[in-house]
Amino acid sequence: MSEFLPEELAVEILARLSMKDLARYRCVCKTWRDLINHRGFAERYRDISPARFMSFYDKGFYLLDVEAKNLVIKNPRKLDFPLDQAMIDEYSTCVLHCHGTLCVTLNNHTLIVWNPYSNQFKIVPNPGIILDSNIIGFGYDPVSNDYKLVTFIDQLGSSTAQVFEFRTGSWIETVQVPYPDWHYRERVGTFLDQYIYWIAYRSNVDRFILCFNLSTYEYRKLALPVYNQGVTCSWLGVTSQKLCVIEYEPCEKEIRVSVMEKTGAWNKIITFSMLDFIYVQDRKCDYQVEFVSFTKNNDIFVTFTGYYDDFETEAEEREKQKMFLYRTGDNAFAQVPFCNSLAGFRFLGEYVESLVIIDRIFI
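Keep in mind the model is a prediction, meaning the values are calculated, not measured. (Residues numbered from 1 in each chain as written. Predicted model: local features only at pLDDT ≥ 70, side-chain atom pairs only at ≥ 80, totals over all residues. Heavy atoms only, no water.)

## What to know about the packing of aromatic side chains
Argument step 1. Considering all chains together, one arrives at 23 aromatic pairs under this definition.
Argument step 2. Taking 6.2 Å as the distance between ring centres and 50° as the angle between the ring planes, the aromatic pair formed by Phe61 and Trp114 counts as tilted. Residue Phe61 is located in strand β2 (residues 60–65), and its partner Trp114 is located in strand β6 (residues 111–115); the two are separated by 53 residues in the primary sequence. We note that Phe61, like Trp114, is buried.
Argument step 3. On the basis of an interplanar angle of 70° and a centroid distance of 5.0 Å, the ring pair of Trp182 and Phe208 is categorised as edge-to-face. Linking Trp182 in the loop between β11 (170–177) and β12 (183–184) with Phe208 in strand β15 (residues 207–213), this pair joins segments that are 26 residues apart in sequence. Like Trp182, the residue Phe208 is buried in the burial classification.
Argument step 4. Clustering of aromatic rings is evident, with ring pairs tying together Phe56, Phe61, Phe81 and Trp114.
Argument step 5. It is Arg185 that lies over the ring of Trp235; its NZ or CZ is 5.0 Å from the centre.
Argument step 6. The ring of Phe208 carries Lys221 above its face, with NZ or CZ at 4.3 Å from the centroid. (Phe/Tyr/Trp six-rings, centres within 6.5 Å; stacked < 30°, edge-to-face > 60°. Helix = DSSP H or I, 4+ residues; strand = E, 2+ residues; numbered from the N terminus. Buried < 20%, exposed > 50% of the residue type's maximum accessible area, 1.4 Å probe, protein only. Lys NZ or Arg CZ within 6 Å of the ring centre and 35° of its normal.)

Below, the structure written as structure tokens:
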């Protein structure tokens, strides 16, 4: 870069700046712009950035760093949402993420695809969604080199998968699913490779994973781990580029993690008890796990709420909300202190910022 500052050192310095600062430094000179725009720099920036989670609070979206060195969340960063905040529903809004771009559901069931870094956005028309329970997926199809949205629209006797192709800018009807009475653990699908996954069920004993292929527009049912049947609290995630199931067993107060191997078999890799990180004086609470997710560094982020049955205690003190980080490498727990109350924060998922602007989405 110069005789005084080697390019390798410049990369390491710039990669530790905020996205907002990088946007400014891009304009300093052509050399810096080319360096920051380079895909190799974007990958380095992603690798060393701390894990950030998208959360919703007071009709706004916030980014929270949960793997900072001091493990204290002091100033959650509010994102500049490009539309009127009144278009976001406090309880039903969902956020999907793919390669640094977000897809947000709006009040009228339309969708907005938005890059917080460039603040570019695109409104995607409603293909016929009328319920907040219609599942949604957002991912990348490497075969057609296109980003796609998918949802299932219930019809008489079946559900039809509708896919929005950004390349054509339109929704198309694809495969029909013959059982419209399927229900889903989470509305938002988990994206991995060219597939979108949801946990589905028809009863407590008929539980499975619905897998949709973004390239072929075909679906299939995958078996859950045997010990998952009957477990009511389950989340899908990705760790080490493998699909995983995170389960919370309320009776035993255990969290278990299983990954799917290439053979399709499940391998249980982690088991730990909630009691391992709940203070002794707090164990009389009835705890409910609200959110569990792997971080970019393959640690586990857990948020939960504890309820006291002591009605003589003030209402605000009968409810305890806490965040913990389980570091898988050294099998240790750390509470993530929050500068203010967690009350009202709804965690939506991990977000990995990207310097790469996906032009094919916003054309």
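## Describing the packing of helix α1 (residues 7–14) against helix α4 (residues 39–48)
Argument step 1. Between α1 and α4, the shortest axis-to-axis distance is 9 Å and the interhelical angle comes to 45°. Comparing the axis directions of α1 and α4 gives the class oblique. Crossing hand, α1 versus α4: right-handed. Where α1 abuts α4, its residues Val11, Glu12 and Leu14 lie against Phe41, Arg44 and Tyr45.
Argument step 2. Class assignment of the residues belonging to the contact of α1 with α4 gives a composition of 4 nonpolar, no polar and 2 charged. (Axes fitted to C-alpha atoms, helices over the stretch in contact; angles between N-to-C directions. Parallel < 35°, antiparallel > 145°, perpendicular 65-115°, else oblique. Left-handed = near helix turned anticlockwise from the far one by under 90°. Contact = heavy atoms within 4.5 Å. Nonpolar A, V, L, I, M, F, W, Y, C, P; charged D, E, K, R; others polar.)

## Notes on the sheet that holds strand β19 (residues 254–260)
Whether parallel or antiparallel, the strands of a sheet pair through hydrogen bonds between backbone atoms.
Argument step 1. One open sheet accounts for 4 strands, arranged β17-β18-β19-β20; its pairing is antiparallel. Across the chains shown, the open sheet's two edge strands, defined by having one partner strand only, are β17 (233–239) and β20 (266–273). Direction aside, neighbouring strands of the sheet carry axes that sit 20° apart on average.
Argument step 2. The pairing of β17 with strand β18 (residues 242–249) spans 7 bridges and is classified as antiparallel. What sits directly across from Cys233, in β18, is Tyr248. (Pairing = 2+ DSSP bridges.)

Any functional reading would require information that these geometric values do not contain.
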